[in-house]
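The lines below spell out each chain.
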Amino acid sequence: MLLCRVDYRFDLKGAYPVKLPILFNVSQIIIEIVCDRKPATWNIAGNIEQTALVENVGFCSIRNFPVGFNKEAYELVKAQSNLIFKPVKWLNRNTSIRIYKMPLSQSSNISVSSTPIKSTSTVNHFIGSSTIFAFLMSENVNRLGFSITNSANATLFIDYVSAPTSTQYAVAIPPKSYFESPINFTGDVLGVWSADDVGEGAYIREFV
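This write-up is about the structure you can find in this document. Being a predicted model, the structure only gives us computed values, none of them experimental.

Digging into the overall build of the protein
- Secondary structure summary: the protein contains 1 helix and 17 strands in total.
- Evaluated residue by residue, the protein yields a buried proportion of 46% over its 208 residues.
- Across the protein, contacts joining residues at least 24 apart in sequence account for 78% of those joining residues at least 6 apart.
- For the protein, the exposed surface amounts to about 10,600 Å²; the carbon and sulfur share of it is 52%.

Here it is, written out as structure tokens:
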């Protein structure tokens, strides 16, 4: 069941964040990003930020995750919330964002990103916070997934393959927050913080 479809011309408006025009209160949805004349090398369409309504505060960010161009299922924090799509900087094409309700029986052609990772070990490391971008993870063909805990009192911006900035990134991990990648990405992951926080940084686990 289609819940929402929004069409954008990012080549005219620029690749700026856009808020989807409905409120969500579900724990799982299917997201499909369709782009005109998409090159075969494009895998990541952007980032989805879920913001929930907190009493006496307003909407606060509670989850961030990257989205690709395939039709995939994603887990949400079940709360009355908005979804904000933050496209990658090169998405200068006609783009359609389609949100579907999760069917009772999932079709075999839908890739569900919440499937548990079948991993027997992890590679753990720590990267100190810095306002100069750093490689958080180098390419690892054995990587099945990864998680990052940002212990710094600063936002950690990450991107895939290319160096992120505070305005061009795939995922923004708020201070003292946890992020788990919903996609099986094996390439380089880079990061940069909005400010230095001595002794704090990213605690990373690669599932192999």
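Further notes follow.
Some points on the nonpolar core
- Ile-31, Phe-85, Leu-136, Ile-148, Ile-158 and Tyr-160 are the most contacted members of the largest nonpolar core, which has 44 residues in total.
- Among the elements that line this core, the one with the most residues is strand 3 (residues 28-35), at 4 residues.
- Apart from the residues within four sequence positions on either side, Ile-158 is in contact with Leu-136, Ile-148, Pro-164, Tyr-169, Ala-170, Val-171, Ile-173, Phe-179, Val-189, Leu-190 and Gly-191.

Some points on the packing of aromatic side chains
- All chains considered together, the criterion is met by 5 aromatic pairs.
- Seen in terms of ring centroids, Trp-42 and Phe-69 are 6.4 Å apart; in terms of plane orientation they differ by 25°. Their pairing is stacked. Of the two residues, Trp-42 is situated in the loop between strand 3 and strand 4 (44-54) and Phe-69 in the loop between strand 5 (58-68) and strand 6 (72-75); the sequence distance between them amounts to 27 residues. Phe-69 matches Trp-42 in its accessibility class, with the two residues each being buried.

Some words on the side chain of Asp-197
- Mapped onto the elements of the fold, Asp-197 is located in the loop between strand 16 (189-193) and strand 17 (201-207).
- Ignoring anything within four residues of it in the chain, the contact list for Asp-197 reads Ser-129, Ala-152 and Asn-153.

What to know about the side chain of Glu-49
- For Glu-49, the position within the fold is in strand 4.
- For Glu-49, a relative accessible area of 12% corresponds to the buried category.
- Within the structure, Glu-49 has its side chain in polar contact with the side chain of Lys-86 (distance 2.8 Å).
- In this view, Glu-49 contacts Ser-61, Arg-63, Asn-64, Asn-82, Leu-83, Ile-84 and Lys-86; residues no more than four positions away in its chain are not counted.

Structural notes on the environment of Glu-180
- By secondary structure assignment, the location of Glu-180 is in strand 15 (residues 177-180).
- As a C-alpha pair, Glu-180 and Phe-65 span 115 residues in sequence and 7.9 Å in three-dimensional space.
- When sequence neighbours within four positions are dropped, the list of residues in contact with Glu-180 reads Arg-63, Phe-146 and Ser-147.
- A polar side-chain atom of Glu-180 sits 2.7 Å from a polar atom in the side chain of Tyr-178.

Definitions and limits used
Residues numbered from 1 in each chain as written. Predicted model: local features only at pLDDT ≥ 70, side-chain atom pairs only at ≥ 80, totals over all residues. Heavy atoms only, no water. Helix = DSSP H or I, 4+ residues; strand = E, 2+ residues; numbered from the N terminus. Buried < 20%, exposed > 50% of the residue type's maximum accessible area, 1.4 Å probe, protein only. Contact = heavy atoms within 4.5 Å. Areas by Shrake-Rupley, 256 points an atom, 1.4 Å probe, with all protein chains shown as cover. Core = buried A, V, L, I, M, F, W, Y, C linked by side-chain atoms within 4.5 Å. Phe/Tyr/Trp six-rings, centres within 6.5 Å; stacked < 30°, edge-to-face > 60°. Polar contact = N/O pair within 3.5 Å; in protein donor to acceptor, adjacent residues only side chain to side chain.

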